Amino acid sequence: MSDAGVGAAPATALRAADAARRRRAFGRLATRNRLAVLAALVLVAAVLAALLAPWLPLADPDVVDTPNRLRPPLAAGHALGTDEFGRDLLARLVWGARVSLTAGVAAAAAAMLVGVTLGVLGGFYTGWVETVVMRLTDILMAFPYVLLAIAIVAGLGPGLRNAMVAIAIVGFPIYTRLVRGVVLSLREREFVEAARALGASDAVILRRHVLPHLLSPVIVAFSLDVGAKILATAGLSFLGLGTQPPTADWGSMLATGRTFVILSPHVVLLPGLAIFVIVLALNLVGDAVRDVLDPRAATR
Amino acid sequence: MRRYLARRLLLLVPVLAGVSVIIFMVLHLSPGDPAEIMLGSQATREDLARLRADLGLNEPLHVQYLKWVGHVVRGDLGRSLWMKRPVLGEVLTRLQATLLLTATALVLSSAAGVALGVAAATRPNSVLDRLSAVASLFGASMPSFWLGIVLMVVFALWLGWLPASGMYAPHGGGDLRDLLSHLILPAVTLAAASVTIVARLTRSAMLETLGQDYVRTARAKGVSDRAVVLRHGLSNALVPIVTVIGVQAGYLLGGAVLTETVFAWPGVGTLMVQGILARDFPLVQGCVLVVALSFVLVNLAVDLLYAWLDPRIRYE
């Protein structure tokens, strides 16, 4: 990337060559890794369905129809059957996707923003900033992940927004550690020293010489993290600490369906399957992204 | 080793102080009056005032914290508002069930994970190796609570082989056999994701040691395959494997909350969730504190184990 140093022209040429190399790598991977392409298609379909839910020819997800409760899949008018209140499961799954996907992406993005900022600060500035940042992450990592998220929701009160905040707080130390490691090694490199010798300010050094190097590792970590965050928010909703009725995400659908699992297993199996397929697809795509951006990992 | 132990114990002090601050702060994060949250909007002014005085909520935050720590150090975690009993006794009783579940899951995931990883490393690119790669991807993507429900439906409801929930049968149970039959499904559910992580890491650690010169020398000397894999390969790959197993121990301790809820296992996790829904702050605080403390101790034990396995660590 910007290793070439302070001169703008060679840096631009290198960047263009780099982009071309990446495009080729993506092309090669697409032909080699068909599974990742399939996973990406599944994700695109899920995102489109979630985005377009209001305009899709779906039943109203909240209309109660008790005479038609717990209908099995492929029942007349209900492709995936109905839940314990006779609500259309397909519609609820699609509307639930909006909540689950948004929650996962938002929690991961918030964790990333906070984590990267603290990691850059903790890696670039030695002294008390580093001490404070690193002790904070140490202490947060001294808790089991799920437990701390639950404790934070306990403090803030159950609800989807609070669940997302909790998961973001619990999740940021991973990014902080990752980014700080990279920044620590960059700080000692010659091009940073050269920039400093030429009188570049901290802000310029960070923006032009440090941040571009963080892009690849952070994108890789983020692409693998979204799935984990979807699982975590679904878990909190499953415990009754996330989404509150009548809004439903996949986790809370699973929790309420649990009571009817003997009579109608589909009420539980379908939302779980939805989480599983989406997180699997995210992990497959994440792995492929890592193979492109971190070629050393691919050969392992 | 003694100096190493002393240093590690000293390092515990700031971590425990930080953990206690976080637990204390977390439950004071709530916007609004904790007394009102706990008692609900129906509470009378007198009830609110009494609870505030009981919990010391009228004092400045740092005084409240110091008092709370003072009580905790003396083993007093307060009284549960919901159960009207001291928190410590209740949490410790439940902790036994959680530790039993977590330890069983850890033994399962370590044994199965190491065995799978070693088998995959000795035959790279075999069917088994590929299957374990697919399994690890599935393990990372499957919600544990869903897997638990699926296992429960199949093995308890359809096949009727195992009990669906609880720790003992309500009638006529109570012996070891009864306990074990109740333990199988939750332990397998909890262990599932860990098995795949331990297996993948064991595989890569083994592949690395099996590629070393001393392994080639051992093979050239005519040492049997079995001895090469176990004595030269596995024993030298142990440090990273123990590391990941240690991380898994903590993960299982936290993840147990979800598994316990699925199987109505009477552990700290179910108690904590009940506490949150009942807005019983002292109970929740006690649960979090005890589990976090167990987690810190597990990490300490793992660190000591490394130092014992690899003498170089002690002298760093």
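Keep in mind it's a predicted model, so treat the numbers as computed, not measured. (Residues numbered from 1 in each chain as written. Chains lettered and ligands numbered in written order. Predicted model: local features only at pLDDT ≥ 70, side-chain atom pairs only at ≥ 80, totals over all residues.)

Section: the overall build of chain A
Then, in step 1: Scanning chain A for helices and strands turns up 11 helices and zero strands.
Then, in step 2: The linear arrangement of helices and strands in chain A, starting from the amino end, is α-α-α-α-α-α-α-α-α-α-α.
Then, in step 3: C-alpha extents for chain A along the principal axes are approximately 80 × 45 × 35 Å.
Then, in step 4: Taken over 300 residues, chain A has a buried fraction of 43%.
Then, in step 5: Once local pairs closer than 6 in sequence are excluded, the contacts in chain A between residues at least 24 apart make up 68%. (Helix = DSSP H or I, 4+ residues; strand = E, 2+ residues; numbered from the N terminus. Buried ≥ 20, exposed ≤ 12 C-beta atoms within 10 Å, placed from the backbone. Contact = placed C-beta atoms within 7 Å.)

As for helix 8 (residues 176-210) of chain B
Then, in step 1: In this model helix 8 of chain B runs just 42 Å from its N-terminal to its C-terminal C-alpha over 35 residues, more than 12% under the 51 Å that 1.5 Å per residue would give.
Then, in step 2: If you look at helix 8 of chain B, its biggest bend is around 40°, right at alanine 192 of chain B. (Expected span 1.5 Å × (residues − 1). Bend = angle between axes of the 7 residues up to and from the residue.)

With respect to the packing of helix 5 (residues 145-156) of chain A against helix 6 (residues 160-187) of chain A
Residue and element names in this part refer to chain A.
Then, in step 1: It is the contact of helix 5 with helix 6, at a shortest axis distance of 8 Å, that shows an interaxial angle of 140°. As the angle between them shows, helix 5 and helix 6 are arranged oblique. Crossing handedness for the pair helix 5 and helix 6: right-handed. For the pair helix 5 and helix 6, contact is made by Tyr145, Leu148, Ala149, Ile152, Val153 and Leu156 and by Asn162, Ala163, Val165, Ala166, Ile167, Ile169 and Val170, respectively.
Then, in step 2: Among the residues making up the contact of helix 5 with helix 6, the classes are represented as 12 nonpolar, one polar and no charged. (Axes fitted to C-alpha atoms, helices over the stretch in contact; angles between N-to-C directions. Parallel < 35°, antiparallel > 145°, perpendicular 65-115°, else oblique. Left-handed = near helix turned anticlockwise from the far one by under 90°. Nonpolar A, V, L, I, M, F, W, Y, C, P; charged D, E, K, R; others polar.)

Overview of the interface of chain B and chain A
Then, in step 1: At the interface, 38 residues of chain B touch 37 residues of chain A.
Then, in step 2: Secondary structure elements with two or more residues in the side of chain B that touches chain A: helix 1 (2-26), helix 6 (127-141), helix 7 (144-158), helix 10 (225-263), helix 11 (268-277) and helix 12 (281-309) of chain B.

Observations regarding the environment of glycine 235 of chain A
Then, in step 1: Within the fold, glycine 235 of chain A resides in helix 8 (residues 202-238).
Then, in step 2: Exposure remark for glycine 235 of chain A: the 27 C-beta atoms within 10 Å place this residue in the buried category.
Then, in step 3: Non-local contacts of glycine 235 of chain A, meaning those with residues more than four positions away in its chain, are made with Val146 and Gly251 of chain A together with Pro143, Phe145 and Leu258 of chain B.

Topic: the packing of helix 6 of chain B against helix 8 of chain B
Residue and element names in this part refer to chain B.
Then, in step 1: For the pair helix 6 and helix 8, the least separation of the axes is 8 Å and the interaxial angle reads 135°. When the axis of helix 6 is compared with that of helix 8, the two are oblique. Considering only the axes of helix 6 and helix 8, their crossing is left-handed. Together, Ser132, Ala135, Ser136, Gly139 and Ala140 of helix 6 and Ala192, Ala193, Val195, Thr196, Ile197, Ala199 and Arg200 of helix 8 make up the contact between the two elements.

Quick word on the confidence of the model for chain B
Any region with low pLDDT has predicted coordinates that should not be read closely.
Residues and elements named next belong to chain B.
Then, in step 1: Confidence in the prediction for chain B averages 84 pLDDT; 97% of positions are at 70 or higher.
Then, in step 2: Of all secondary-structure elements in chain B, the lowest mean pLDDT belongs to helix 13 (residues 311-314), at 68, while helix 5 (residues 87-122) reaches the highest, 91.
Then, in step 3: For this predicted complex, the interface score ipTM comes out at 0.83, alongside a pTM of 0.84. (pLDDT = per-residue confidence, 0-100.)

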